[in-house]
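Descriptive analysis of the structure
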Amino acid sequence: MENSWHLYLMSGLYILAGVNHFRNPKMYIRIIPPYMGNPKILNYASGIAEILLGLLLLVPTMTSISAWGIIILLIAIFPANVYMATNKKTGFGLPGWLLWLRLPLQFALIFWAYLYT
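Model, not experiment: these values are computed from the prediction.

**Some points on the environment of L7**
Residue position: L7 is located in helix 1 (residues 5–23). Sequence separation between L7 and A113 is 106 residues, and the spatial gap between their C-alpha atoms is 8.9 Å. Ignoring any residue separated from it by four or fewer positions in sequence, one finds L7 in contact with L57, T63 and Y116.

As structure tokens, then:
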């Protein structure tokens, strides 16, 4: 797939999301399930991964590898989205239906990334 505005949009979204892991870490740390281990390290690691993968999307020789990395990352963070949907303390006061709606959104994001593999 050629470099289109969709690719630039995807790149920007991941870069901004990654930066937000450092600007607002408490938001992300609270949705990391306790069984996953050190939430601070996981938050910063996923933030770094989002920034790097978002940047690498824009490097033509790395686009496919980056897209695969994004797919792996989205699968890895899926438990945090499930935890957020099933634990009222992590839902930021959002309606339950909206939290559950985020789960299929992950599959749409995976498909979007797959288009660039």
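**Let's talk about the packing of helix 4 (residues 63–86) against helix 5 (residues 96–114)**
If you want to describe how two helices pack, look at the angle between their axes and the distance between the axes. Put simply, helix 4 and helix 5 touch, their axes get as near as 9 Å, and they point 175° apart. On the basis of their axis angle, the class for helix 4 and helix 5 is roughly antiparallel. Taken together, the residues of the contact of helix 4 with helix 5 sort by class into 19 nonpolar, 3 polar and 1 charged.

**Looking at the nonpolar core**
Counting residues in hydrophobic clusters, the biggest one holds 14 residues, and the most contacted among them are M10, Y14, L57, I70, L74 and Y116. Of all elements in the fold, only helix 1, helix 4 and helix 5 reach the threshold of two or more residues within this core. With 5 residues, the single largest contributor to this core is helix 4. Residue contacts for Y14: discarding those within four places in its chain leaves E50, I51, G54, I70, L74 and L109. The next biggest cluster of nonpolar side chains, apart from the first, holds 5 residues, and it includes A80, M84, A85 and L99.

Parameters and conventions
- Residues numbered from 1 in each chain as written.
- Predicted model: local features only at pLDDT ≥ 70, side-chain atom pairs only at ≥ 80, totals over all residues.
- Heavy atoms only, no water.
- Helix = DSSP H or I, 4+ residues; strand = E, 2+ residues; numbered from the N terminus.
- Contact = heavy atoms within 4.5 Å.
- Axes fitted to C-alpha atoms, helices over the stretch in contact; angles between N-to-C directions.
- Parallel < 35°, antiparallel > 145°, perpendicular 65-115°, else oblique.
- Nonpolar A, V, L, I, M, F, W, Y, C, P; charged D, E, K, R; others polar.
- Core = buried A, V, L, I, M, F, W, Y, C linked by side-chain atoms within 4.5 Å.
- Buried < 20%, exposed > 50% of the residue type's maximum accessible area, 1.4 Å probe, protein only.

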